[in-house]
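Report on the structure
These are the residues of each chain, in order.
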Amino acid sequence: MGENIQVITSEFVKLNVSNSSNDVVSFEKKFDKKLTIEELKSKLEVLTGGNKGTMQLELYSGSKLICKIDNDCALFGSYPIDDNMRLHVIDNIISFDQDVDKFELTDTQYENRQDSVRSFLKRNRLGKYNEEEMKQLELKKQEAEKRELERLEKITIGSRCKVTTTGHPTRIGTVMYKGELEGKKGLFVGVKFDEPLGVNDGSANGKKYFDCQPKYGSFVLPSAVEIGDFPVEEIDFDDEI
């Protein structure tokens, strides 16, 4: 299968290698992209002490899984590999109980290691170690919470409303509750629908917030609620054939 695939980039790729026992980057090594995955596993068998027959490989960029490398006949270069990515070796044999002493690091010792995943993330300013990105995410979260609060303040109990949420048809009903729900983060609006298009009877997590028939109530985010003059739609059964 790999014979028809040509590697048109650099012939070698420099990767960090970790294993399933502790996710610690054990070493850095260059690999030939023209290797088949079976040949690559043979090399990793010598380097890691694993067994190529049970070995599984995953490719990561930082903490993000790029793909599983699972076709033994394919060329290594046919996968989306790039320098400084992490090749993670999973070997089922490692998961068997063995009568050996377990080597553990304290958090301080792990923090000081230069070959750990944490160190890799810090060096490349990825995930939670990218202060600017985390700051922007926090600002966006605060702005969204502020908008929800402002929208909730404009919603009054007893108002007619239209609710639009993903995966549901547009529903018409009456506002019955607004505020927090026990055991849930955020602010919610409790709505009693004109038709049985809801998911509860005005209760959430065993607590009653308003009264309605089963399947007529729901709690939704303020952003999903539009207040307006929405009359109850009357169905004329005489028009049915």
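The sections below set out a description of the structure shown in this document. Note that the structure is a prediction, hence the values are computed from the model and not measured.

As for the nonpolar core
Membership of the largest hydrophobic core comes to 20 residues, with the highest contact counts inside it found for Phe-31, Leu-40, Leu-44, Leu-57, Ile-69 and Phe-76. Of all the secondary-structure elements, those providing two or more residues to this core are strand S1 (12–19), helix H1 (37–48), strand S3 (55–61), strand S4 (64–69) and strand S5 (86–91). Dropping the residues within four chain positions of it, Phe-31 is found in contact with Glu-11, Phe-12, Val-13, Leu-15, Val-17, Leu-40, Leu-44, Leu-47 and Phe-76.

Describing the environment of Phe-188
Topologically, Phe-188 is positioned in strand S8 (residues 188–193). Relative accessible area serves as the criterion here: at 13%, Phe-188 is assigned to the buried category. Sequence spacing of Phe-188 and Leu-152 is 36 residues, and the spatial spacing of their C-alpha atoms is 8.1 Å. In this structure Phe-188 touches Leu-152, Tyr-177, Lys-178, Gly-179, Leu-181, Phe-219, Val-220 and Leu-221, once residues within four positions along its chain are discounted.

Considerations on the pattern of salt bridges
Tallied over the full model, the rule gives seven salt bridges. Lys-41 serves as the salt-bridge partner of Asp-72, at 3.1 Å between the closest nitrogen and oxygen. Within this pair, whereas Asp-72 is found in the loop between S4 and S5, its partner Lys-41 is found in helix H1, the two being separated by 31 residues in sequence. Exposure remark for Lys-41: the relative accessible area of 8% places this residue in the buried category. Note that Lys-208 and Asp-201 form a salt bridge whose closest N and O atoms lie 3.3 Å from each other. The class for Lys-208 is partly exposed, based on a relative accessible area of 40%. Each of the salt bridges in this network shares a partner with another, and the network as a whole consists of Glu-11, Asp-32 and Lys-34.

The rules behind the values
- Residues numbered from 1 in each chain as written.
- Predicted model: local features only at pLDDT ≥ 70, side-chain atom pairs only at ≥ 80, totals over all residues.
- Heavy atoms only, no water.
- Core = buried A, V, L, I, M, F, W, Y, C linked by side-chain atoms within 4.5 Å.
- Buried < 20%, exposed > 50% of the residue type's maximum accessible area, 1.4 Å probe, protein only.
- Helix = DSSP H or I, 4+ residues; strand = E, 2+ residues; numbered from the N terminus.
- Contact = heavy atoms within 4.5 Å.
- Salt bridge = Lys/Arg side-chain N within 4 Å of Asp/Glu carboxyl O.

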